[in-house]
Amino acid sequence: MRIVQLISFGLAALSLTSCFKDEAPNAECDITKAWVQLGEDEWQNMFFNISDTTKKVLYSDRNIYFTVRPEARLDSICPQFEITEGATISPANGSCQDFSNGPVKYTVTSQDKQWTREYMVNFLLLEIPTYYSFDNSGITYTDPFTNATYNRWYDQCKSGDNSSVSIEVFSNANSGFAIGNTKANVEDYPSVIAEGYHGKAVRLTTCSTGPWGKLVKRPLAAGNFFIGEFDVSQALDSTLHTTRMGRPFGRKPLKIRGLYKYKAGDVFWKYVNEEIEEHPEIKDRAAIYASFYRNHDDSGNEVVLFGEDSKTNPHIIGFAEMPSVPETDTWTQFEMTFDYNGDIDYDILRKHGYSLTVVFTSSTDGAYYEGAPGSTLYIDDVEIVCEEE
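Residues numbered from 1 in each chain as written. Predicted model: local features only at pLDDT ≥ 70, side-chain atom pairs only at ≥ 80, totals over all residues. Heavy atoms only, no water.

Participant: Lay out the pairing of strand β20 (residues 224-230) in plain terms, naming residues and giving numbers.
Facilitator: In terms of residue burial, β20 counts as a mostly covered element, since six of its seven residues are buried. With two bridges joining them, strand β15 (residues 170-171) and β20 adopt antiparallel strand pairing. Residue pairing in the sheet places F170 in a bridge with I227 of β20. (Buried < 20%, exposed > 50% of the residue type's maximum accessible area, 1.4 Å probe, protein only. Helix = DSSP H or I, 4+ residues; strand = E, 2+ residues; numbered from the N terminus. Pairing = 2+ DSSP bridges.)

Participant: Outline the pairing of strand β11 (residues 138-142), listing residues and values.
Facilitator: Of the pairings in the sheet, the one linking β11 to strand β12 (residues 149-153) comprises five bridges and is antiparallel in character. Paired with T142 across the bridge in β12 is T149. Here β11 hands over to β12 after six residues, with N147 in that stretch at a positive phi of 65 degrees.

Participant: Break down the layout of surface pockets for me, with residues and values.
Facilitator: To find leftover empty space, a probe the size of one water molecule is rolled over the atoms. Of the volumes computed, that of the largest pocket is approximately 1100 Å³. Elements supplying a minimum of two residues to the lining of the largest pocket: β4 (54-56), β5 (63-67), β12, β14 (164-167), α2 (174-177), β20, β21 (243-245) and β22 (247-248). Broken down by element, the residue count for the lining of the largest pocket peaks at four residues, all from β5. Classifying every residue of the lining of the largest pocket gives 17 nonpolar, 18 polar and 13 charged. Looking at the second largest pocket, its volume works out to about 680 Å³. If you trace the second largest pocket, you find 35 residues lining it, with N224, T239, T243, G366 and A367 closest to the centre. Elements with a minimum of two residues in the lining of the second largest pocket: α2, β19 (220-221), β20, β21 and β30 (354-361). (1 Å grid on protein atoms, 1.4 Å probe; cavity = no way out; pocket = protein on both sides within 12 Å on 5 of 7 lines; lining within 4 Å. Points joined across faces, edges and corners; volume = space filled by probe spheres on them. Nonpolar A, V, L, I, M, F, W, Y, C, P; charged D, E, K, R; others polar.)

Participant: Just give me the short version of the sheet that holds strand β7 (residues 88-90), but keep the residues and values in it.
Facilitator: Strand pairing in a sheet is mediated by backbone hydrogen bonds. Such pairs are either parallel or antiparallel. Here we have four strands laid out as an open sheet, ordered β5-β9-β8-β7, and mixed in their pairing. Each having just a single partner strand, β5 and β7 make up the two edges of the open sheet. Between one strand axis and the next, the sheet turns through 25 degrees on average, direction left out of account. Here three bridges tie β7 to strand β8 (residues 104-109), and the two strands are oriented antiparallel to one another. By the bridge assignment, S90 is partnered in β8 with T107. (Axes fitted to C-alpha atoms, helices over the stretch in contact; angles between N-to-C directions.)

Participant: Please give an account of the packing of aromatic side chains that cites residues and values.
Facilitator: With the rule as written, the count across this model stands at 21 aromatic pairs. Pairing F99 with F123 gives two aromatic rings, centres 4.7 Å apart and planes at 65 degrees, and the pair type is edge-to-face. Of this pair, F99 sits in the loop between β7 and β8 while F123 sits in strand β9 (residues 116-124), and the two are 24 residues apart along the sequence. Using a relative accessible area of 2% as the deciding quantity, one classes F99 as buried. Classification of F123 as buried rests on a relative accessible area of 5%. (Phe/Tyr/Trp six-rings, centres within 6.5 Å; stacked < 30°, edge-to-face > 60°.)

Participant: Go over the environment of I288 with me, naming the residues and quoting the values.
Facilitator: Relative to the elements of secondary structure, I288 occurs in strand β26 (residues 287-294). Put simply, I288 and W43 are 245 residues apart on the chain and 38 Å apart in space, counted from C-alpha to C-alpha. The contact partners of I288, leaving out residues within four places of it in the chain, are E321, M322, V325, F334, M336, V359 and F360. (Contact = heavy atoms within 4.5 Å.)

Geometry only, nothing functional implied.
Structure, rendered in structure tokens:
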């Protein structure tokens, strides 16, 4: 059962489920896991890895994507779902559906019949873009269950049949900030749509989380923006595991370049013994880096980078980083080159066996609640320069 705990200052605790109703523990209507049960010969004809047959479904997911081989037959697939207790799902759990013409819509209904939630289930091979202008990708999103309103970004990705699919390539922690700040204005969130060098850009700001943040021992939220997924269900348990960094990438990246502006906040905070310590003698620092890594181990188990190992995981084969992000109030170009510690296996690359994450944050140590409120990093026109195919 998935519970997102929301705590309000002055109250002991308030628990909201993803299908919100004050006194209804049976009002949830989530898919928490999806999988396809196949024999060994069957899954190898459809998927690259055995772990690709199972998907963890995050709280924020409205689309469920299974990565399949380009030649996979999609006309009769029988996905199964783990759903919240007492809920029902339509089409029926385990029923065979035709996915060859695109996604199939599933509707989950809560046990009390008062709430529903729709999911689009997709079987395809996606190629994420190599250029991000941010001009048309940012949207203002209102969570239908908490009514918090904040920005998210969606980009057009190519699927195996050359059609276009809109997905959230770059994620951020706005949904986590919203847990204790549901009434905050859109522009007061850590990640915000802003005016760019031309068109739109992304503004990342380190923010105090206010009384609620102090209550749950998370007083600071850095503005962050990364290729991957944000798992808000971990926000109160394992903050470093909220950031699931990386998406499959079928080309060898050589460089990351783009434009930025940066200004550090005035007073640096450290969180020591559950108290905020102010250190005006410390200057906050932004971070820009990228990791390219094997997304399965030698046993076929899925590999994902998290906050604590996004630079050090042993499966990282290529790494690029800006050694420093100097302050500047004018748009300034940055460029960083990948350093590889081994050879790329091009057969694995063609099978999307490597993932890429590109990370931007307004405070380098924000995940550990260290940084200066007000530190602001703008980014625009981000390009992934790849080896020629």
